[in-house]
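The primary structure of each chain is shown beneath.
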Amino acid sequence: MPKLDLTITYDGYKEIGVDTIEDYNAEQQIGVSEIQGLTNFGQKVSGSTAYVRPTFTRLNYNLTLKAFVTKILTNQSTKTAYGVEFVKDRITYQATARKEVIISAGVINTPQLLMLSGIGPSNELAKHNIPVVANLPVGRMFRGNVFFSLFFSVNITAPFDTLEGAVNKFLKGQGVLTSFHNGVTVSFHNTKNNRSSIPNLSLIYYNSTTIAERIPSLTNYTPEVQKFVDKLNFSRLVFTQISLLHPQSIGNITLKSNNPSDFPNINLGIFDKDADIEILYEGIQKVKEIRNTKTIKMLNHSLIKYDFCDEYEYDSKDYWYCALKHLAKPGFQWAGSTKMGPIDDPYAVVDYKLRVHGIKKLRIVDLSAMPVTLSGNYNPSAFMIGEKAADMIKKEYGCVRKDCLS
Ligand SMILES: Cc1cc2nc3c(=O)[nH]c(=O)nc-3n(C[C@H](O)[C@H](O)[C@H](O)COP(=O)(O)OP(=O)(O)OC[C@H]3O[C@@H](n4cnc5c(N)ncnc54)[C@H](O)[C@@H]3O)c2cc1C
């Protein structure tokens, strides 16, 4: 029995009129393509390996690792940020800034840190007895991808690793964890308008299941879904992941408590707007259309039935809505929790130069400032925001030399 591979998948897409494209980060995004990743000599590149580690030897740069920032320090009367408080090896320190404070704690933790420091919605801060420094809509425009997976059983057994097995192989430079992605293809579609160049969803075809699908703590399924997942034979499964790219639903990040070690509440508002579930339903129809092509049918993949939706007629719209409501989950790529916008924008927290409205010398440089959802992956935009901020900051302080911020 042949295995789902690049050629077979491309042929399947071709049958339904979807073009193969070489580079979905170039002019044309709609179509099917091989998956791209940020790698350098076969190793995955991150912000740390690309930007931070190469600067370790610079004399004008002081980096403290394994330090946890608990508060942004501000002068309440002048509304000026002057440093941060952080904990390292159980000792609390303060670091003060000569020029300005830059926060890059990401879409979840940047709003948490701001709120812990009194910068946030005053009603939210009042719940946790945090004195208000600036009343701003922090955490209020949190949006991002929503994932839904369709599982298929296959006749061939894929190599199956437990997490422990996968980690052991990784330590020897082998196995699934050494690959930057185990998807076969990614395709981008607009289910509402097939002439649009902007996709509303993407599909990734996987030849096996990912480690994440098998770890309950990562997926946070309800007990009935977990019971279903526990019964699956992962070595004989493949799946297609549908990703909703531009949800209309708006979520929020709020504080659980005023203790910095408590995770904040993360609510993506999944399916608050009916339009979102409908687009994922259309994505399911698209997957079925491709899976029903002559080429892909040859693989003999059969769709796994979600028994927790048995009360609905199989394959009816109600059945798929039930599956979506049980299995859809946040898709790792988020933005907007300290959104950029003019002061009169009810959701804006930072201005066009990433400066926090109403607080001097405080900038946010990460994806929480990004005001929109993206049609592609988010990590390159995080790098882009960092690059742009560096340029703006150097210009603002009149820097011409590389090391002039020392
Ligand atoms: C499982 C997963 C898979 C992903 N896959 C992809 C992909 O394939 N392609 C893609 O483009 N994107 C992917 N993303 C998304 C991408 O990683 C993010 O969009 C991107 O990293 C966001 O960058 P950021 O700088 O805004 O925040 P982050 O990368 O989250 O950086 C924030 C940093 O701040 C630190 N921090 C937080 N709070 C504190 C504190 N209080 N004190 C000190 N430090 C703190 C964190 O440890 C972290 O290092 C994935 C995300 C996840 C979770």
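Please read all numbers here as calculations on a predicted model, not as lab measurements.

Here is what the cut-offs are and how they apply
- Residues numbered from 1 in each chain as written.
- Predicted model: local features only at pLDDT ≥ 70, side-chain atom pairs only at ≥ 80, totals over all residues.
- Heavy atoms only, no water.
- Core = buried A, V, L, I, M, F, W, Y, C linked by side-chain atoms within 4.5 Å.
- Buried < 20%, exposed > 50% of the residue type's maximum accessible area, 1.4 Å probe, protein only.
- Domains from an automatic or database assignment.
- Contact = heavy atoms within 4.5 Å.
- Pairing = 2+ DSSP bridges.
- Helix = DSSP H or I, 4+ residues; strand = E, 2+ residues; numbered from the N terminus.
- Axes fitted to C-alpha atoms, helices over the stretch in contact; angles between N-to-C directions.
- Buried area = accessible area lost by both parts, 1.4 Å probe.
- Salt bridge = Lys/Arg side-chain N within 4 Å of Asp/Glu carboxyl O.
- Polar contact = N/O pair within 3.5 Å; in protein donor to acceptor, adjacent residues only side chain to side chain.
- Near = heavy atom within 4 Å.
- Nonpolar A, V, L, I, M, F, W, Y, C, P; charged D, E, K, R; others polar.
- Disulfide = S-S within 2.5 Å.
- UniProt positions renumbered as here; feature names shortened; annotations may be inferred.
- Phe/Tyr/Trp six-rings, centres within 6.5 Å; stacked < 30°, edge-to-face > 60°.
- Lys NZ or Arg CZ within 6 Å of the ring centre and 35° of its normal.

Ile119, Phe148, Leu150, Ile242, Tyr306, Trp320 and Leu362 are the most contacted members of the largest nonpolar core, which totals 98 residues. Composition of this core by domain shows at least three residues from each of domain 1 (6-45 + 143-255 + 266-333) and domain 2 (64-141 + 336-396). Setting aside chain neighbours within four positions, we find Leu362 in contact with Ile72, Ala81, Val101, Ile103, Ile119, Leu354, Arg355 and Val356.

In spatial order, the strands read 4-5-6; together these three strands make up an open sheet with antiparallel pairing. Of all strands in the sheet, those with a lone pairing partner are strand 4 (68-75) and strand 6 (91-96), marking the two edges. The mean inter-strand angle of the sheet, taken between neighbouring strand axes irrespective of direction, is 25 degrees. Relative to strand 5 (residues 80-88), strand 4 is paired through seven bridges, and the arrangement is antiparallel.

As a further point, take the domain arrangement of the protein chain. Here the domain parsing of the protein chain yields domain 1 (6-45 + 143-255 + 266-333) and domain 2 (64-141 + 336-396). Computed from C-alpha atoms alone, the centre-to-centre distance between domain 1 and domain 2 is 33 Å. In this complex, domain 1 contributes 19 residues to the contact, which on the side of domain 2 involves 25 residues. When domain 1 packs against domain 2, close to 1800 Å² is buried across both sides, 60% of that on carbon and sulfur atoms. Among the residues of domain 1 in contact with domain 2, Arg143, Ile253 and Leu255 are the three that bury the most area, contributing 42% of the side total. Viewed at the interface, domain 2 and domain 1 are joined by zero salt bridges. Where domain 1 touches domain 2, the interface holds nine residue pairs in polar contact (both at pLDDT 80 or more). Looking at the side of domain 1 that touches domain 2, the elements that each hand over two or more residues are strand 10 (143-153) and strand 14 (252-254).

A separate point is the pattern of salt bridges. Counted according to the given criterion, the structure contains 10 salt bridges. Residue Lys192 pairs with Glu282 through a salt bridge whose shortest N-O separation is 2.7 Å. Highlighted residues: Lys192 in the loop between strand 11 (183-189) and strand 12 (201-206) and Glu282 in helix 9 (residues 274-291), separated in sequence by 90 residues. According to the relative accessible area criterion, Lys192 is exposed, its value standing at 53%. Judged by relative accessible area, which is 18%, Glu282 ranks as buried.

Near the ligand lie 16 residues; those nearest to it are Val69, Gln333, Leu367, Asn377 and Asn379. The backbone of Tyr378 places a nitrogen or oxygen atom 3.3 Å from an oxygen atom of the ligand. In the model, an oxygen atom of the ligand is placed 2.8 Å from a nitrogen or oxygen of the Asn379 main chain. For the shell around the ligand, the secondary structure elements donating two or more residues are strand 4, helix 3 (106-116), strand 17 (329-335) and helix 12 (379-396). It is helix 12 that contributes the most residues to the shell around the ligand, three residues altogether. Here the shell around the ligand is composed, by residue class, of nine nonpolar, six polar and one charged.

Throughout the structure, instances matching the rule amount to one disulfide. Here Cys309 connects covalently by a disulfide to Cys322, the sulfurs 2.0 Å from one another. Taking the sign of the torsion about the S-S bond as the criterion, the disulfide between Cys309 and Cys322, at about -85 degrees, is left-handed. Of this pair, Cys309 sits in the loop between strand 16 (302-303) and helix 11 (317-327) while Cys322 sits in helix 11; the two residues are 13 residues apart in sequence, bridging distant segments of the chain. This pair shows no difference in class: Cys309 is buried, exactly as Cys322 is.

The subject of this paragraph is the environment of Ile72. Examined against the element boundaries, Ile72 turns out to sit in strand 4. Residues Ile72 and Pro223 lie 151 residues apart in sequence; the distance between their C-alpha atoms is 39 Å. Dropping the residues within four chain positions of it, Ile72 is found in contact with Ala81, Gly83, Val84, Ile103, Leu113, Leu114, Ser117 and Leu362.

Attention now moves to the UniProt feature "domain: Glucose-methanol-choline oxidoreductase C-terminal" (unreviewed entry) in the protein chain. UniProt records the feature "domain: Glucose-methanol-choline oxidoreductase C-terminal" (unreviewed entry) for residues 247-386 in the present numbering. For residues 247-386, the helix share is 29%, the strand share is 13%, and the end-to-end C-alpha distance is 25 Å.

This brings us to the packing of aromatic side chains. Taken as a whole and judged by the stated rule, the model has 16 aromatic pairs. A centroid spacing of 5.4 Å and a plane angle of 70 degrees characterise the contact between Tyr51 and Phe383, whose relative ring orientation is edge-to-face. Of this pair, Tyr51 sits in helix 2 (residues 47-52) while Phe383 sits in helix 12, and the two are 332 residues apart along the sequence. Considering the side-chain rings of Tyr319 and Trp320, the 5.0 Å spacing of their centres and the 80 degrees angle between planes classify their relative orientation as edge-to-face. According to the relative accessible area criterion, Trp320 is buried, its value standing at 0%. Taken together through their ring pairs, the aromatic side chains of Phe148, Phe228, Tyr306, Phe308, Tyr314, Tyr319 and Trp320 make up a single cluster. Its guanidinium or amino end placed over the ring of Tyr397, Lys99 lies 5.9 Å from that ring's centre, counting from NZ or CZ. A cation sits over an aromatic face here: Arg291 above Phe152, 3.8 Å from the ring centre.

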